[in-house]
Amino acid sequence: MAIVDPRTGQPLTSPDGQDSNAAAQAPAEDVIVDVTLDNFQQVVLEGSMQRPVLLQSWADWCEPCKNLKPILEKLAREYAGAFVLAKLDIEAYPQIASQLGVRSVPDVKLIAQGQLYDQFQGALPEKQVREWLGKYIEAPADAAESPEEMAQAALASGDTQTAQAIYQELIQQYPDYHDYQVDLAGVLVAAGQTADAKQILDNLPPEHRDSPKARGVRARIEFGEEAPSAAEIEALGEREDSEARFQRALRAVADGDYERGLEGLLALMKADRAYADDAARKTLLRVFDALGAEHPLTVTYRRRLFAMLY
């Protein structure tokens, strides 16, 4: 597994031309190392000439450090020697922390060939740590799923109970990462617990209450309240009049199938612009607002709407 230089996009290799595949056979006890004054030079500076080093600065009093620690250790074992996780206790070795410019913990630095290539501060959730690490080091083919991926898979299969349990645990671990609360609200909507979902969204801090993701969940709630039930959709049978097409599009949006809903609304607008006082266009704009201006579906369908209008 080669580390990628973000400036050139090319794999980095050690001076002797060996890549990090050889390191993949390293014993498990060599993958995670506690840094001291005696071994810092060997483990971090000299060691990074052979394979990347992930240097984690932590402190015993730091609660976020305790959340991040098992994630980094799990990834170090999973990557099987593609990088070394070097852990620095800043209270035991403040002189090293000072020389590294560590101002707060947790602090994670990626070092390769004696150089700092990237870093982050704070206890990122596992999914974000994987994404950050994946920019530089190829993930193993048999990489485990992150909790977020497991929750999404459970939700896709209709197992809302498992998805809910995963997000509740993530919220306990990362109470300040409000996206998890929005994700949980989305699961509750899928489970039909819209009152509980509304309560979660209403209790978010103001700066997160109106985020694109939160608006999307609120829109699903609103569309769910407006849309016909599955039984009513089935009762429409083969009807293809404007009312039936509009109701099917509403149901699709309420179910989170935004692309099918947008496609239906756009087709209805093209076929019958006057239906219900331009309801198709107005509903398209509501969905755009719910998804957010940067969402790929918003960009695509706003462009198509513009082309149709002008």
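The structure we're discussing is the one just above.
Let me begin by describing the structure that accompanies this report. Positions within a chain are numbered from 1, following the residues in the order the chain's sequence is written. Whole-chain, interface and lining totals are the exception, using all residues; otherwise, since this is a predicted model, local features are given only for residues with pLDDT of at least 70 and side-chain atom pairs are given and counted only at 80 or more. Excluding hydrogens and water, the side-chain figures rest on all heavy atoms present in the structure.

### Quick notes on the overall build of the protein
Part 1 of the argument: For the protein, the count of helices and strands is 15 helices and seven strands.
Part 2 of the argument: The globule rule is 2.2 Å times the number of residues to the power 0.38, and the radius of gyration it is compared with is taken over C-alpha atoms. Taking 19 Å as the expected radius of gyration for a compact globule of 310 residues, we find that the protein reaches 25 Å, considerably beyond that expectation.
Part 3 of the argument: Think of it in three bands: residues with accessible area under 20% of the maximum for their type are buried, residues over 50% are exposed, and the middle band is partly exposed, with areas taken using a 1.4 Å probe on protein chains only. Buried residues in the protein amount to 45% of all 310 residues.
Part 4 of the argument: Within the protein, contacts between residues at least 6 apart in sequence are counted, and of these 60% link residues at least 24 apart.
Part 5 of the argument: In this tally Asp and Glu are treated as negative and Lys and Arg as positive; neither His nor the chain ends contributes. Note on charges: their place is set at NZ of Lys, CZ of Arg, CG of Asp or CD of Glu. Separation between the mean location of the 31 positive side-chain charges and that of the 50 negative ones in the protein comes to 7 Å. Only DSSP runs of H or I covering at least 4 residues are called helices, and only runs of E covering at least 2 are called strands; the numbering of each starts at the N terminus. Here a residue-residue contact requires only that any non-hydrogen atoms of the pair lie within 4.5 Å.

### A look at the packing of helix α7 (residues 179–190) against helix α10 (residues 212–226)
Part 1 of the argument: Between the N-to-C directions of two axes lies an angle of 0 to 180 degrees, each axis being a line fitted to C-alpha atoms and, for a helix, fitted only over the stretch in contact. Viewed as axis vectors pointing N to C, α7 and α10 meet at an angle of 15°, and their least axial separation amounts to 9 Å. One element, α7, and the other, α10, form an angle in the roughly parallel class. As α7 runs across α10, the sense of the crossing is left-handed. Residue-level inspection shows D179, V182, D183, A185, G186, V189 and A190 of α7 in contact with α10, the latter providing K213, A214, V217, R220 and I221.
Part 2 of the argument: Residue classes follow a fixed rule: Ala, Val, Leu, Ile, Met, Phe, Trp, Tyr, Cys and Pro count as nonpolar, while Asp, Glu, Lys and Arg count as charged, and any other residue, Gly among them, counts as polar. Its residues placed into classes, the contact of α7 with α10 shows seven nonpolar, one polar and four charged. We call two directions roughly parallel when the angle between them is under 35 degrees, roughly antiparallel when it is over 145, roughly perpendicular when it lies between 65 and 115, and oblique otherwise. Each crossing gets its handedness from the near helix: less than a right angle anticlockwise from the far helix is left-handed, clockwise is right-handed.

### Quick look at the state of the cysteines
Part 1 of the argument: When two cysteine sulfur atoms lie within 2.5 Å, the pair is treated as a disulfide. Under the counting rule described, the total for this entry stands at one disulfide.
Part 2 of the argument: Two residues, C62 and C65, share a disulfide whose sulfurs are 2.4 Å apart. Judged by the sign of its S-S torsion, about 85°, the cystine formed by C62 and C65 is right-handed. This pair shows no difference in class: C62 is buried, exactly as C65 is.

### Brief notes about the side chain of T283
Part 1 of the argument: Looking at where T283 falls in the secondary structure, it is placed in helix α14 (residues 279–291).
Part 2 of the argument: If we skip the residues at most four places from it in the chain, T283 touches F223, F246, L250 and L265.

### Re the pairing of strand β7 (residues 115–121)
As a general feature of sheets, a regular strand has side chains that alternate between the two faces.
Part 1 of the argument: Pairing of strand β6 (residues 107–112) with β7, which is carried by six bridges, proceeds in the antiparallel orientation. Across the sheet, residue A112 finds its bridge partner in β7, namely Q115. The pairing criterion is simple: DSSP has to find at least two bridges between the two strands.

### Some thoughts on the environment of V187
Part 1 of the argument: By the element assignment, V187 lies in helix α7.
Part 2 of the argument: Overall, the relative accessible area of 0% leaves V187 in the buried class.
Part 3 of the argument: Measuring from C-alpha to C-alpha, the distance between V187 and D89 comes to 39 Å, with 98 residues separating the pair along the chain.
Part 4 of the argument: In this view, V187 contacts L155, T160, A163, Q164 and Y167; residues no more than four positions away in its chain are not counted.

### Comments concerning unusual backbone geometry
Across residues other than glycine, the phi torsion is negative in most instances, and most of the peptide bonds are trans.
Part 1 of the argument: That bond from V105 to P106 is cis: its omega, 0°, falls within 30 degrees of zero.
Part 2 of the argument: Tracing the sequence through the fold places P106 in the loop between α3 (94–100) and β6.
Part 3 of the argument: Positive phi is not limited to glycine here, since Q113 has a value of about 50°.
Part 4 of the argument: The residue Q113 is located in the loop between β6 and β7 in this model.

### Quick word on the sheet that holds strand β3 (residues 32–34)
Sheet strands pair by backbone hydrogen bonding; their relative direction is either parallel or antiparallel.
Part 1 of the argument: Sheet architecture is open: five strands sit in the order β3-β5-β4-β6-β7, paired in mixed fashion. Sheet topology places β3 and β7 at the edges, where each strand pairs with a single neighbour. Across the sheet, the mean angle separating the axes of adjacent strands is 20° when strand polarity is ignored.
Part 2 of the argument: Pairing analysis gives five bridges linking strand β4 (residues 53–58) to β6, with the strands arranged antiparallel. Bridge pairing in β6 links S57 to D107.
Part 3 of the argument: Where helix α2 (residues 63–78) meets the sheet, it contacts β3, β4, β5 (84–89), β6 and β7, and its direction lies at approximately 160° from that of β4.
Part 4 of the argument: Along the sheet, helix α4 (residues 126–134) makes contact with β4, β6 and β7, crossing β7 at roughly 165°.

### Observations concerning the nonpolar core
Part 1 of the argument: Residues L54, F83, W132, L133 and L201 are the most contacted members of the largest nonpolar core, which totals 42 residues.
Part 2 of the argument: The biggest single contributor to this core is α7, with seven residues.
Part 3 of the argument: For the purposes of this section, nonpolar cores are sets of buried Ala, Val, Leu, Ile, Met, Phe, Trp, Tyr and Cys residues that join through side-chain atoms within 4.5 Å. Y258, L268, M269 and F288 belong to the second-largest nonpolar core, a separate cluster that totals 25 residues.

### Here's the deal with the environment of E222
Part 1 of the argument: One can find E222 in helix α10.
Part 2 of the argument: Overall, E222 belongs to the partly exposed group, its relative accessible area being 38%.
Part 3 of the argument: The spatial distance from the C-alpha of E222 to the C-alpha of A254 is 7.8 Å, given a sequence separation of 32 residues.

### Let's talk about helix α8 (residues 194–202)
Part 1 of the argument: Residues of α8 that are buried include every one of A197, I200 and L201, and no others. Down the axis of α8, the buried set is contained in an arc of 95°. They therefore lie on one face. Note that the arc is computed from the directions linking the helix axis to the C-beta atoms.

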